[in-house]
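Architecture at a glance
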Amino acid sequence: MPGTAATAIPEEVEVVASARSDDLLTLSAIAVFAFIITDVLCESGRAAVALLTISPAGRLSSIGWSSAYDNVWVDASGAAIGLIAALVFCILFRSFKTSGWSTRLFLLLCCAFAALSGAGYFVVAGFTDFGDWYTRLQGLHRWTALSVSLVIGGAMVYGLALFALSRGFGQLFTERQRVRRILLISWRAAILVYLCSAVLNPGGRGEIALSSLPIVTISDFGLFFVSLFLPRRASAAGEVAKLDRSFAWIGTSAVCALLFIFVLGRGLMLSR
């Protein structure tokens, strides 16, 4: 009917306009803060495992833990810590249902960065001669039961993470284009800060190339596929509400980003 079409078009235009009006700085700040939290949890967790077991000293940086005393279990602990952190953030996201959607978006992005990076380690180790979990496969033939299990298990966890994240974003938003824009901004902002911190790493290009940076960058690219799994009937309310500029998020993220780049990026020497 003409009347129905006339009312439907303005609503669609209003939703798209709202997606474009979300504040870019605030979205970037939330994504950067979420990425820094997950990266610090993962790398500092691996450093703690190393120092509490076999390593008397080492260097903790934004792109990894480096020590001459580590073993395969220390190397493998990073991915496991990431998946555990993702589960914790998922529980927090489901628990904070009455919080503002910027806070819930932060928890959801923390879950996304931790889950995708953690699962990515298993897949990469199964397919290539690279990554923390590859040290567990050294000395074995390429397609052993362990390597096949890593590929299949990692792919299943990665797919499950994409499915769960799509359900989470479906609770916050109903418009697919808006989700794509938020995820694009989040990935760009997080990886930009990560690359800036890696440039200052004292280990040079060789250590950067063998660090967690390539795997994390590629694994987190899965954020772009989350919108493909969004439920047809999203449960979000108030879709047209835009994200206004928040100096609290921007200020907190800016301070953390400076520390992440200029302090953790250069590395911290830790010992027992």
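Reference entry: report on the structure contained in this document. Predicted, not measured: the structure shown is a model, and the values here were computed from it.

**Digging into a nonpolar patch on the surface**
The grouping of V255, L258, L259, F262, V263 and L268 at the surface amounts to a nonpolar patch, some 530 Å² of accessible area in total. Summarising the element assignment, L268 is placed in strand β3 (residues 268-271).

**Some points on helix α2 (residues 24-53)**
Across its 30 residues, α2 extends 44 Å between first and last C-alpha, which sits within 8% of the 44 Å expected from 1.5 Å per residue. Residue D23 occupies the N-cap position of α2, its side-chain oxygen lying 3.4 Å from the main-chain nitrogen of L25.

**Overview of the packing of aromatic side chains**
When we look at a pair of aromatic rings, we describe it by the centre distance and by the angle of the planes. Tallied over the entire structure, the rule returns 11 aromatic pairs. Taking 5.4 Å as the distance between ring centres and 90 degrees as the angle between the ring planes, the aromatic pair formed by F35 and F113 counts as edge-to-face. One end of the pair, F35, is in helix α2; the other, F113, is in helix α4 (residues 101-127), and 78 residues separate them in sequence. Comparing F35 with F113 shows no difference in burial state: the two are buried. Consider the rings of W187 and F221, whose centres lie 5.6 Å apart with planes at 85 degrees: the pair is edge-to-face. Placement of W187 in helix α6 (residues 176-199) and of F221 in the loop between α8 (213-219) and α9 (247-264) is noted, with a sequence separation of 34 residues between them.

**Re the nonpolar core**
Core analysis: the biggest nonpolar cluster contains 68 residues, and L105, F106, L109 and F169 have the highest contact counts within it. For this core, the elements supplying multiple residues, two or more each, are α2, α3 (72-95), α4, α5 (145-172), α6, α8 and α9. The element that contributes the greatest number of residues to this core is α4, accounting for 15 residues.

**Considering the pairing of strand β1 (residues 57-61)**
Each regular strand carries side chains that alternate between the two faces of the sheet. The element β1 is extensively covered by neighbouring structure, given that four of its five residues are classed as buried. Bridge analysis of β1 against β3 gives four bridges, and the strand direction is antiparallel. Directly across from A57, in β3, lies its bridge partner S271. Pairing of β1 with strand β2 (residues 64-66) involves three bridges; the strand directions are antiparallel. By the bridge assignment for β2, S61 is matched with G64.

**Remarks on the environment of G153**
Tracing the chain through its elements places G153 in helix α5. Among the residues examined, G153 registers a relative accessible area of 28% and is labelled partly exposed. A C-alpha to C-alpha distance of 8.0 Å links G153 and V123, two positions 30 residues apart in sequence.

**Considerations on the sheet that holds β1**
Spatially, the three strands line up as an open sheet ordered β2-β1-β3, and their pairing is antiparallel. Only two strands of the sheet have a single partner each, and these edge strands are β2 and β3. On average, each strand axis in the sheet is inclined to that of its neighbour by 30 degrees, with strand direction left out of account. On the sheet, α2 packs against β1, β2 and β3 and is oriented at approximately 25 degrees with respect to β2.

**Considering the pattern of salt bridges**
Pairs can form between side chains of opposite charge whenever their charged atoms are close. Overall, the coordinates contain four salt bridges when judged by the stated rule. Linking R178 and D22 is a salt bridge whose minimum nitrogen-to-oxygen distance equals 2.8 Å. Placement of the pair is R178 in helix α6 and D22 in the loop between α1 (2-21) and α2, with a sequence separation of 156 residues. With respect to class, R178 is no different from D22; both count as buried. Put simply, R46 and E43 hold a salt bridge, and the shortest N to O gap is 3.6 Å. Of this pair, R46 and E43 both sit in helix α2, three residues apart, which is roughly one turn of that helix.

Criteria and thresholds
- Residues numbered from 1 in each chain as written.
- Predicted model: local features only at pLDDT ≥ 70, side-chain atom pairs only at ≥ 80, totals over all residues.
- Heavy atoms only, no water.
- Patch = residues over 30% accessible without salt bridge, like charges linked within 9 Å, V, L, I, M, F, W, Y side chains within 5 Å.
- Areas by Shrake-Rupley, 256 points an atom, 1.4 Å probe, with all protein chains shown as cover.
- Salt bridge = Lys/Arg side-chain N within 4 Å of Asp/Glu carboxyl O.
- Helix = DSSP H or I, 4+ residues; strand = E, 2+ residues; numbered from the N terminus.
- Expected span 1.5 Å × (residues − 1).
- Polar contact = N/O pair within 3.5 Å; in protein donor to acceptor, adjacent residues only side chain to side chain.
- Phe/Tyr/Trp six-rings, centres within 6.5 Å; stacked < 30°, edge-to-face > 60°.
- Buried < 20%, exposed > 50% of the residue type's maximum accessible area, 1.4 Å probe, protein only.
- Core = buried A, V, L, I, M, F, W, Y, C linked by side-chain atoms within 4.5 Å.
- Pairing = 2+ DSSP bridges.
- Axes fitted to C-alpha atoms, helices over the stretch in contact; angles between N-to-C directions.
- Contact = heavy atoms within 4.5 Å.

The values are spatial; any link to function lies outside them.
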